Amino acid sequence: MMTQRLKLATARHFFFISLVLGAFGLPVFAQSTADGGAQPFSPAPYKVGEKLTYNISYANFNSAAHVELLVGARGTFFDREGIQLKGRIETTGIVNAALFSINNDYISYVDPASGLPFHSQQTVREASLTSETSAEFNRPAGALPSREISLSTGTYDVLSAIYRIRALPLGEGATYALPVTAEGNDYQVEVKVKGREVIRTNAGSFETIVAQLRIKNTSGGSDYRAFVYFSNDPRHIPVLITAKPSAGEIRAELAGSEFIPTPNPPPGKNPAEVPLAATSSSSPNPGRLDGVPFKVGEQLNYQVYLPTIAAPVARATFQVRARSKYFNQDGLLFTVNAETTNALQKLFVANDTISSYVNPQTMLPFQTELNLSEGRLRVSTKLTMNQDYGRATTEKGERIEIPVGTHDYLSFFYVVRMFDLTISKRSAISILVNNKPKTLFVTALKRENVQLGSQTIPSIQVSLTTDDAEADKYQLRGWITDDRRRLPVRFTAMTKIGAIRADLAIIPVTSQ
């Protein structure tokens, strides 16, 4: 129950981030003038190729999410002239791994003369769940396709709202009253232009227009307040947004502003003919993995040593298997097989195999299979993990409450390779150990060369500790190559039988 409440609270706050970034541009009325239709409209924010990137901090998390906004193209869409706007919000780091996984894409097609949207598409991904919707805006009365949602004339979606408010004059002392519709809820938004202030961000220093924002859910929900700082130039870029909901301060700070080349839309191509999934960020090649340091087919072989025995006492093979449909969902298969060698088999015989089926977008497992043969022990079990509801289920139907974003024994091996290994940086993930969730902390300690045979490998040493009373009981250490492949080349630990070391046997030379 605590996990579910945390998930819902976090989701609500990250939706608030989206709302703060974009909800202040819906049908606008200046309280001191006529209605919003008479407000000036500037084309400056709609220049094709403009890309804005934001870093989101939340409470004590310095990097909780990032947001990207892009003016994608101008052309003919759905049989009318329009501008394509794209947006993306994704949680990162500890928030993504241990609290709440969000990876959402938005596309809006707007009228170049007014900024009003006429078609909207949305892809929402939360852990293993993906939902896609589209909506028609501001069109004449008549029948609509059954899959589309009709919204009232004059309504903006969240993405198009971002640009419409930037196109307003934002005169000092002006007040704007804004009705907002988003995620099936109605909001009343009040924007007051308060003055000017110089703001310094990682993207530079800006003289800004300061606006106070109030967002009220008309159904009786929470009342949020925020400050938005727009660049004092024709583009009116939101440079900084701050808000203080009850769970902690949210800050959206501009991290980058640039113009990038964008392809023209294909002549005569109507986006309505393209399935929504084709416009998402997923790879067109179902077997391809983007943005990760490994690929399908990678095999890593390790030899395990004890200090008192010269020969390796065990071998372990990690493999990235095929990406395919597993249990009726898109998945990627990781496997590891570990077995003792002749050097140890007189004392102990083991042959273990673990399979982990993970979501290719989040790398979170949705099923784990263990087949263990250790001495007289024989274990064969399966575990199904529902990352959306924070629940794992055993073969016997037993339910285990887990934090959303929990990894198994194998998936964590790969996700650690995706962490930011800046020296002294500490990251955390939730991992299921003996059917109990634990927090695993990964801390980058120092850069160090590792000698493997005749090769000297520049690496980053990391420590792996837990939230147990004896956090570093096993003195787990790992060495990961300081390059884009992020190969784990060595692991060490202290066990009941003494210090143990696992070395990568062969350094793969194929480009990753």
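Residues numbered from 1 in each chain as written. Predicted model: local features only at pLDDT ≥ 70, side-chain atom pairs only at ≥ 80, totals over all residues. Heavy atoms only, no water.

Colleague: Would you mind showing me how to read the overall build of the chain here?
Modeller: Scanning the chain for helices and strands turns up five helices and 29 strands. Put simply, the chain has 512 residues, and 50% of those count as buried. Considering only intrachain contacts with a sequence separation of at least 6, the fraction spanning at least 24 residues in the chain is 50%. In the form shown here, the chain has an accessible surface area of approximately 24,600 Å², with 51% of it arising from carbon and sulfur atoms. (Helix = DSSP H or I, 4+ residues; strand = E, 2+ residues; numbered from the N terminus. Buried < 20%, exposed > 50% of the residue type's maximum accessible area, 1.4 Å probe, protein only. Contact = heavy atoms within 4.5 Å. Areas by Shrake-Rupley, 256 points an atom, 1.4 Å probe, with all protein chains shown as cover.)

Colleague: Can you help me understand the pairing of strand β2 (residues 50-58) in this one?
Modeller: Each regular strand carries side chains that alternate between the two faces of the sheet. Pairing of β2 with strand β14 (residues 250-259) involves nine bridges; the strand directions are antiparallel. If you follow Leu52 over to β14, its bridge partner there is Ser257. One ladder, built from seven bridges, connects β2 with strand β3 (residues 61-77); its direction is antiparallel. Bridge assignment links Lys51 to a residue of β3, and that residue is Leu70. Taking the residues that link successive antiparallel strands as the turn, the β2-β3 hairpin has two residues, and the phi of Ala59 there is positive, at about 55 degrees. (Pairing = 2+ DSSP bridges.)

Colleague: Can you help me understand the pattern of salt bridges in this one?
Modeller: Opposite charge on two side chains makes pairing possible when the charged atoms of those side chains draw close. Following the criterion strictly, the structure yields 17 salt bridges and no others. Two residues, Glu172 and Arg196, come together in a salt bridge whose shortest N-O distance is 2.9 Å. Placement of Glu172 in the loop between α3 (158-166) and β9 (175-182) and of Arg196 in strand β10 (residues 185-201) is noted, with a sequence separation of 24 residues between them. A relative accessible area of 58% means that Glu172 is categorised as exposed. The salt bridge involving Asp503 is made with Arg490; its shortest N-O contact spans 2.7 Å. Of this pair, Asp503 sits in strand β29 (residues 498-504) while Arg490 sits in strand β28 (residues 488-495); the two residues are 13 residues apart in sequence, bridging distant segments of the chain. (Salt bridge = Lys/Arg side-chain N within 4 Å of Asp/Glu carboxyl O.)

Colleague: Explain the environment of Leu432 to me, please; I cannot follow it from the model alone.
Modeller: Here Leu432 lies in strand β24 (residues 426-433). Along the backbone, Leu432 and Ile400 are 32 residues apart, and their C-alpha atoms lie at a distance of 9.8 Å. Those residues in contact with Leu432, other than ones at most four positions away along the chain, are Leu383, Ala392, Ile400, Ile402, Thr406, His407, Tyr409 and Pro437.

Colleague: I would appreciate a short explanation of the confidence of the model for the chain in the present structure.
Modeller: If pLDDT is low for a region, its predicted coordinates should not be looked at in detail. The pLDDT averaged across the chain works out to 79; a share of 77% of its residues lies at or above 70. No element of the chain has a lower mean pLDDT than strand β1 (residues 29-30), which averages 37, and none a higher one than strand β27 (residues 476-481), which averages 96. Counting contacts from residues 1-16, a segment whose pLDDT is below 50, to residues more than four positions away or on other chains yields 37 contacts. Counting contacts from residues 21-38, a segment whose pLDDT is below 50, to residues more than four positions away or on other chains yields 58 contacts. (pLDDT = per-residue confidence, 0-100.)

Colleague: I tried to follow the nonpolar core on my own but got confused; where do I start?
Modeller: Proteins that are soluble and globular tend to have nonpolar side chains buried together. Core analysis: the biggest nonpolar cluster contains 49 residues, and Tyr54, Leu69, Leu85 and Tyr163 have the highest contact counts within it. If you look at the next biggest cluster of nonpolar residues, it comprises 26 residues, including Val320, Leu372, Tyr414 and Leu504. (Core = buried A, V, L, I, M, F, W, Y, C linked by side-chain atoms within 4.5 Å.)

Colleague: What exactly am I supposed to notice about the pairing of strand β20 (residues 377-386) here?
Modeller: Across eight bridges, strand β19 (residues 365-374) lies against β20 in antiparallel orientation. By the bridge assignment, Asn371 is partnered in β20 with Ser380. Inspection of the sheet shows β20 paired to strand β21 (residues 391-394) by four bridges, in the antiparallel sense. In the sheet register, Asn386 faces β21, and the bridge partner there is Arg391. Hairpin geometry of β20 and β21 is characterised by an intervening segment of four residues between the two adjacent antiparallel strands and by a positive phi of about 65 degrees at Gly390.

Colleague: What's the story with unusual backbone geometry in this structure? I'm lost.
Modeller: Glycine aside, the phi torsion of most residues is negative, and most peptide linkages are trans. The phi dihedral of Phe78 is positive, around 55 degrees, even though this residue is not glycine. Of note in the backbone geometry, Asn434 takes a positive phi value of approximately 50 degrees without being a glycine. Considering the arrangement of structural elements, one finds Asn434 in the loop between β24 and β25 (436-452). Given a relative accessible area of 63%, Asn434 falls into the exposed group.

Colleague: In this structure, what is going on with the environment of Thr123? I would like to understand it.
Modeller: Take Thr123: it is sitting in strand β6 (residues 117-126). Spatially, the C-alpha atom of Thr123 lies 8.9 Å from that of Ser134, the residues being eleven residues apart in sequence.

Colleague: Can you help me understand the environment of Gly453 in this one?
Modeller: Inspection of the secondary structure assignment puts Gly453 in the loop between β25 and β26 (455-466). With relative accessibility at 69%, the residue Gly453 sits in the exposed group. Considered as a pair, Gly453 and Ala505 are 52 residues apart in the sequence and their alpha carbons are 8.9 Å apart.

Colleague: Can you walk me through the side chain of Asp352 in this structure?
Modeller: Relative to the helices and strands, Asp352 resides in strand β18 (residues 351-358). Among buried Asp, Glu, Lys and Arg side chains, Asp352 stands out as unpaired, with Arg378 the closest opposite charge at 8.1 Å. Looking at Asp352, its side chain comes within polar contact range of the main-chain nitrogen of Ser373, at 3.0 Å. (Lys, Arg positive; Asp, Glu negative; His and termini not counted. Polar contact = N/O pair within 3.5 Å; in protein donor to acceptor, adjacent residues only side chain to side chain.)

Colleague: Would you take a moment to explain α3 for this structure?
Modeller: Residues spaced three or four apart along an α-helix point in a common direction, a consequence of the helix completing one turn every 3.6 residues. For α3, the tally of buried residues reaches eight of nine residues, placing the bulk of the element in the interior. Along α3, the residues classified as buried are Leu159, Ser160, Ala161, Ile162, Tyr163, Arg164, Ile165 and Arg166.

Colleague: Could you clarify how one ought to interpret the packing of aromatic side chains in this entry?
Modeller: To describe a pair of aromatic rings, one takes the distance between the centres and the angle between the planes. According to the stated counting rule, one finds 16 aromatic pairs in the structure shown. Ring plane angle 10 degrees and centroid distance 3.9 Å describe the contact between Phe334 and Tyr414, whose orientation is recorded as stacked. Of this pair, Phe334 sits in strand β17 (residues 329-340) while Tyr414 sits in helix α5 (residues 411-415), and the two are 80 residues apart along the sequence. Just as Phe334 is buried, Tyr414 falls in that class too. Between Phe413 and Phe491, the ring centres sit 6.2 Å apart and the planes meet at 45 degrees, which makes this aromatic pair tilted. With Phe413 in helix α5 and Phe491 in strand β28, this residue pair connects regions lying 78 residues apart in the sequence. Among the residues examined, Phe413 registers a relative accessible area of 7% and is labelled buried. Following the ring pairs from residue to residue traces out a cluster consisting of Phe294, Tyr302, Phe318, Phe334, Phe413, Tyr414 and Phe491. Here the guanidinium or amino end of Arg426 rests over the ring plane of Phe441, the centre of that ring lying 3.8 Å away. (Phe/Tyr/Trp six-rings, centres within 6.5 Å; stacked < 30°, edge-to-face > 60°. Lys NZ or Arg CZ within 6 Å of the ring centre and 35° of its normal.)

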